[in-house]
Amino acid sequence: MPSSPRLGHVVITGAAGAIGGALARALAARHPGVDLALVDVDDAGLARTAAALPATASASVHRWDLAAPDALPARWQALVAERGPVDGLVNCAGVMDVRTVAAMPWAVGRRVLDVDLTSPLCLMTLAAPAMVAAGHGVIVNVSSMAGRVPLRGCAYYGGAKAGLAMASEIAAVELAGHGVHVVTVYPGPVASALERGARAQLRPSLLERLMPMGDPARMAGLVVRALDRGETRVVYPPLYALADRAVGLASWVTRRYSPAPAA
Ligand SMILES: NC(=O)c1ccc[n+]([C@@H]2O[C@H](COP(=O)([O-])OP(=O)(O)OC[C@H]3O[C@@H](n4cnc5c(N)ncnc54)[C@H](OP(=O)(O)O)[C@@H]3O)[C@@H](O)[C@H]2O)c1
């Protein structure tokens, strides 16, 4: 089993959240000595994630608002100048807002696109050249099964996640020959504030109650395992791997039975 080279300096966005925090802990456990740059807009959550890291890891915390992608190049340069080159990027921050196209205010939809698509692509573009020059690096992009099948109320969120997934899968092919390993992650429902908020925007339905719920720590473990094994895709919870393989059938089911948004 190939094992990923020891990581030195890893940027994790959404590090205050359920999945981002779990990824920070899992990467710190797998790569002793790693320096994690924890990025989020939730200051208290960032402090909690930093405090929960093992003593073998160091961390810096950064309040970067990913709804403002144009500010990222300067922030990135400042981070590299202060803490050194980045050999790992985890794009995990996300926002989800479940409304029909007809009910979506443009400002809200635009924010979803900026946080979930434009900023992750900007950060990949900032990270990749130095990784290619060094011949070493990892990039993890957290997309969503909502980017694979047409869920009602997810035109913006699913559109952003589909775009991120496609860019990530292309980057995986382009960068593989340069020693840069790109992993695209497709979560189904995983317990978190984002998931609870999205569920609260849906009308109750049988399918919504039947959907299995994943655990952030378990998912983070699978991402670290994919990095170790040289795998490029993670689908979790396991049931959604079936939907990923039979995407035509899964799309048929979601077109007919996915829960309707309240607005
Ligand atoms: N949980 C699921 O069911 C599920 C399914 C598929 C994909 N995902 C994806 O998994 C990733 C992690 O989500 P999660 O479930 O762990 O949710 P979470 O616990 O809510 O974490 C998301 C984090 O992103 C932060 N964030 C939001 N807007 C930001 C901004 N403008 N700039 C910087 N950070 C920002 C949030 O801060 P605030 O809390 O302050 O907003 C939060 O700390 C997301 O990309 C999400 O789309 C999750």
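Okay, so let's go over this structure.

**Structural notes on the overall build of the protein chain**
No. 1: A tally of helices and strands in the protein chain yields 10 helices and 7 strands.
No. 2: On C-alpha atoms alone, the protein chain measures out to a radius of gyration of 18 Å, which is about the 18 Å that the 2.2 N^0.38 rule sets for 263 residues.
No. 3: Seen through its principal axes, the protein chain has C-alpha atoms that stretch 50 × 40 × 35 Å.
No. 4: In the protein chain, which comprises 263 residues, the proportion classed as buried is 42%.

**Description of the site of the ligand**
No. 1: Close to the ligand lie 28 residues, the nearest being Gly 17, Ile 19, Gly 94, Ser 192 and Leu 194.
No. 2: Secondary-structure elements contributing two or more residues to the shell around the ligand are α1 (18-30) and α6 (193-200).
No. 3: Its residues assigned to classes, the shell around the ligand comprises 17 nonpolar, 7 polar and 4 charged.

**Re the pairing of strand β1 (residues 9-13)**
Along any regular strand the residues' side chains alternate between the sheet's two faces.
No. 1: Of all the 5 residues making up β1, 4 are buried; the element is thus mostly covered by neighbouring parts of the structure.
No. 2: As paired strands, β1 and strand β2 (residues 35-40) are joined by 5 bridges and run parallel to one another. Note on β2: the bridge partner recorded for Val 11 is Ala 37.
No. 3: Handedness of the crossover joining β1 and β2 through α1: right-handed.
No. 4: Two strands pair when backbone bridges link them, and β1 and strand β4 (residues 88-91) are joined in this way by 3 bridges, in the parallel orientation.

**With respect to the environment of Val 224**
No. 1: Its location among the elements puts Val 224 in helix α8 (residues 216-229).
No. 2: Separated by 201 residues in sequence, Val 224 and Leu 23 place their C-alpha atoms 8.0 Å apart.
No. 3: With residues up to four places along the chain from it excluded, the contact list for Val 224 reads Ala 26, Leu 27 and Arg 30.

**Observations concerning the sheet that holds strand β3 (residues 58-63)**
No. 1: Strand order in the open sheet formed by 7 strands is β3-β2-β1-β4-β5-β6-β7, and the pairing between neighbours is parallel. Two strands close off the open sheet at either side, each with one partner strand: β3 and β7 (233-236). Each strand of the sheet is rotated relative to its neighbour by a mean of 15°, with strand direction disregarded.
No. 2: Pairing of strand β5 (residues 137-142) with strand β6 (residues 180-187) involves 6 bridges; the strand directions are parallel. Each residue of the ladder has a partner; that of Val 142, found in β6, is Val 185.

**So, the nonpolar core**
No. 1: The biggest cluster of nonpolar side chains holds 70 residues, and the ones touching the most others in it are Ile 12, Leu 23 and Val 223.
No. 2: The element contributing the most residues to this core is α1, with 8 residues.
No. 3: In this structure, Leu 23 is in contact with Ile 12, Val 90, Cys 92, Ala 220 and Val 223, ignoring residues within four places of it in sequence.

**Topic: the pairing of β3**
No. 1: Of the pairings in the sheet, the one linking β2 to β3 comprises 6 bridges and is parallel in character. The residue of β3 that forms the bridge with Leu 38 is Val 61.
No. 2: The parallel pair β2 and β3 is bridged by helix α2 (residues 43-51), and the resulting crossover is right-handed.

**Some details on α8**
No. 1: Taking 1.5 Å per residue, 14 residues should reach 20 Å; α8 reaches 20 Å between its end C-alpha atoms and fits that length.
No. 2: Here α8 has its buried residues at Pro 216, Met 219, Ala 220, Leu 222, Val 223, Val 224, Ala 226 and Leu 227.
No. 3: Lining the buried residues of α8 we find α1, β5, β6 and β7.
No. 4: Directly after α8, the chain includes Gly 230, whose backbone phi takes a positive value near 75°.

**Structural notes on the environment of Cys 122**
No. 1: When you line up the elements, Cys 122 lands in helix α4 (residues 106-134).
No. 2: On the neighbour-count criterion, Cys 122 (19 C-beta atoms within 10 Å) is partly exposed.
No. 3: C-alpha of Cys 122 to C-alpha of Val 34: the two residues are 88 residues apart in sequence and 23 Å apart in space.
No. 4: Setting aside anything within four residues of it in sequence, one finds Cys 122 in contact with Pro 69 and Leu 72.

**Considering unusual backbone geometry**
No. 1: Tyr 236 connects to Pro 237 through a cis peptide bond whose omega is 0°.
No. 2: Position of Pro 237 relative to the elements: it lies in the loop between β7 and α9 (239-245).

**So, the packing of α1 against α8**
No. 1: With their axes 8 Å apart at the nearest point, α1 and α8 run at an angle of 45° to one another. Compared by their axis directions, α1 and α8 come out oblique. Note on packing geometry: the crossing formed by α1 with α8 is right-handed. On α8, the residues touching Ala 18, Ile 19, Ala 22, Leu 23, Ala 26, Leu 27 and Arg 30 of α1 are Pro 216, Ala 217, Met 219, Ala 220, Gly 221, Val 223 and Val 224.
No. 2: For the contact of α1 with α8, the class distribution of residues is 12 nonpolar, 1 polar and 1 charged.

Conventions adopted
Residues numbered from 1 in each chain as written. Predicted model: local features only at pLDDT ≥ 70, side-chain atom pairs only at ≥ 80, totals over all residues. Helix = DSSP H or I, 4+ residues; strand = E, 2+ residues; numbered from the N terminus. Rg over C-alpha atoms; globule rule 2.2 N^0.38 Å. Buried ≥ 20, exposed ≤ 12 C-beta atoms within 10 Å, placed from the backbone. Near = placed C-beta within 6 Å. Nonpolar A, V, L, I, M, F, W, Y, C, P; charged D, E, K, R; others polar. Pairing = 2+ DSSP bridges. Right-handed = clockwise from strand over helix to strand, strands pointing away. Contact = placed C-beta atoms within 7 Å. Axes fitted to C-alpha atoms, helices over the stretch in contact; angles between N-to-C directions. Core = buried A, V, L, I, M, F, W, Y, C linked by C-beta atoms within 7 Å. Expected span 1.5 Å × (residues − 1). Parallel < 35°, antiparallel > 145°, perpendicular 65-115°, else oblique. Left-handed = near helix turned anticlockwise from the far one by under 90°.

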